[in-house]
Amino acid sequence: MAKKKREKSFSSFVNNPIDFTLVITILVLLSIGLVMVLSASSPSALSESGNSYVYFSKQLVFAILGIAAMLFISKIDYRFYQKLYKHAWWIALVLLALVLVAGRTVNGAKRWIYVTETLSIQPSEAVKMLMILFYAGILVKNRDELGLYGKGFIKHMCFLAPIIGLLLLEPHFSASIVIIGICSVMMIMAGCKFWHFLATGGIAGVPAMILLIIKEPYRLQRVVTFLDPWKDATGDGWQVIQSLYAIGSRRTIWGRSSEKVNKSFYTYQSHIMILFFPY
């Protein structure tokens, strides 16, 4: 009996249906991303190591590993993850604390943990997925309380506070905004009142943003530079202006990317900065 049960479980694991529309979409986006990495990184890779394919090869290996992991994970019943949602929050907390202790400071921020000199991980990326898992589980569990302000809104936002606090200590402001946005949308879709977000954002969110800007003025400067890069065309606005040049040239993505010069040492780390540089 136990043997038949194991065989049935394995059979259902292997034969779970695949959403081919989603798979094809992912593969197309992945392929475009690989072409972008190759086109944007080849000049700097050739200059640094004599091999134009250094960054592309590394990205390709991780892409293949990612596809294999995706296929494996797609066979797991999503209800299995509901049992793990509590652990997801603690794992996220430990990862973010670990990066503050063992991480390496790069360009003024401590966001990466270096396993070796060539292999590093960015815990904030894993935290995004872990928070999705956590909030999916806890919002289902507490669905009847979500319409309330205290037990619904405040209670579930409190779980987010220590995560965002650790991210700001790195500092990683952009990841904080993304995670807050993801969790807020999940809470609203699950049944939290939208006006709870508006009221709390006006009372506490705006002053908090002002405090963060006062503490680190570069955050406001980034927004100002994005809105009007021509004020400092050869300084802070240089990267944004180069992306505008790339858009303004009206070259097709596939046909003329090799003719672009923005990626050829005109910009800093063009292969990881702005999408339009190589195109």
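Our subject is the structure listed above.
One structure accompanies this document, and this report is about it.

Each value, and the rule that gives it
Residues numbered from 1 in each chain as written. Predicted model: local features only at pLDDT ≥ 70, side-chain atom pairs only at ≥ 80, totals over all residues. Heavy atoms only, no water. Helix = DSSP H or I, 4+ residues; strand = E, 2+ residues; numbered from the N terminus. Buried < 20%, exposed > 50% of the residue type's maximum accessible area, 1.4 Å probe, protein only. Contact = heavy atoms within 4.5 Å. Areas by Shrake-Rupley, 256 points an atom, 1.4 Å probe, with all protein chains shown as cover. Axes fitted to C-alpha atoms, helices over the stretch in contact; angles between N-to-C directions. Parallel < 35°, antiparallel > 145°, perpendicular 65-115°, else oblique. Left-handed = near helix turned anticlockwise from the far one by under 90°. Phe/Tyr/Trp six-rings, centres within 6.5 Å; stacked < 30°, edge-to-face > 60°. Lys NZ or Arg CZ within 6 Å of the ring centre and 35° of its normal. Pairing = 2+ DSSP bridges.

## Digging into the overall build of the protein
Piece 1. Within the protein, the regular secondary structure consists of 11 helices and three strands.
Piece 2. Within the protein, buried positions represent 29% of all 279 residues.
Piece 3. Restricting the contact set of the protein to residue pairs at least 6 apart, pairs at least 24 apart contribute 60%.
Piece 4. With the model as given, the accessible surface of the protein reaches about 18000 Å², and the carbon-plus-sulfur share is 69%.

## So, the environment of H196
Piece 1. Among the structural elements, H196 can be located in helix α9 (residues 194-215).
Piece 2. We classify H196 as buried; its relative accessible area is 2%.
Piece 3. Along the sequence, H196 and Y149 sit 47 residues apart, while their C-alpha atoms lie 6.7 Å from each other.
Piece 4. Apart from the residues lying within four places of it in its own chain, the contact partners of H196 are G147, L148, Y149 and F153.

## Section: the packing of helix α6 (residues 149-158) against α9
Piece 1. Contact geometry of α6 with α9 gives a least axis separation of 11 Å together with a crossing angle of 60°. The pairing of α6 with α9 is recorded here as oblique in orientation. In this structure, the crossing between α6 and α9 has a hand that is right-handed. Of the residues in α9, those touching α6 at Y149, F153 and M157 are H196, F197 and T200.

## Quick notes on the packing of aromatic side chains
Piece 1. Evaluation of the coordinates by the stated rule reveals nine aromatic pairs.
Piece 2. Each ring, one from F153 and one from F197, has its centre 4.8 Å from the other, and the planes form 80°; the classification is edge-to-face. With F153 in helix α6 and F197 in helix α9, this pair connects stretches of sequence that are 44 residues apart.
Piece 3. Relative accessible area serves as the criterion here: at 14%, F197 is assigned to the buried category.
Piece 4. Three or more aromatic residues joined by ring pairs form one cluster here, namely Y85, W89, W90, F134, Y135 and F159.
Piece 5. Cation over ring: R104 sits above Y114, and NZ or CZ is 4.0 Å from the ring centre.

## Side note on the pairing of strand β2 (residues 109-114)
Piece 1. Bridge analysis of strand β1 (residues 104-106) against β2 gives three bridges, and the strand direction is antiparallel. By the bridge assignment for β2, V106 is matched with A109.
Piece 2. Taking the residues between adjacent antiparallel strands as the criterion, β1 and β2 are bridged by two residues, where N107 takes a positive phi near 55°.
Piece 3. Here β2 hands over to strand β3 (residues 120-121) after five residues, the two strands then running antiparallel side by side.

## As for the sheet that holds β1
Piece 1. Judged by pairing direction, the sheet is antiparallel, and its three strands sit side by side in the order β1-β2-β3 without closing on themselves. With one partner strand each, in any of the chains shown, β1 and β3 form the two edges of the open sheet.
Piece 2. The strands touched by helix α4 (residues 85-102) are β1 and β2; relative to β2, the strand with the most contacts, the crossing angle is about 95°.

## Here we look at unusual backbone geometry
Piece 1. Residue E170 is joined to P171 through a cis peptide bond whose omega torsion reads -5°.
Piece 2. Here P171 shows up in the loop between α7 (161-169) and α8 (173-190).

## Topic: the side chain of Q122
Piece 1. Structurally, the position occupied by Q122 is in the loop between β3 and α5 (123-141).
Piece 2. Discounting residues that sit within four places of it in the chain, Q122 has contacts with R111, W112 and H172.

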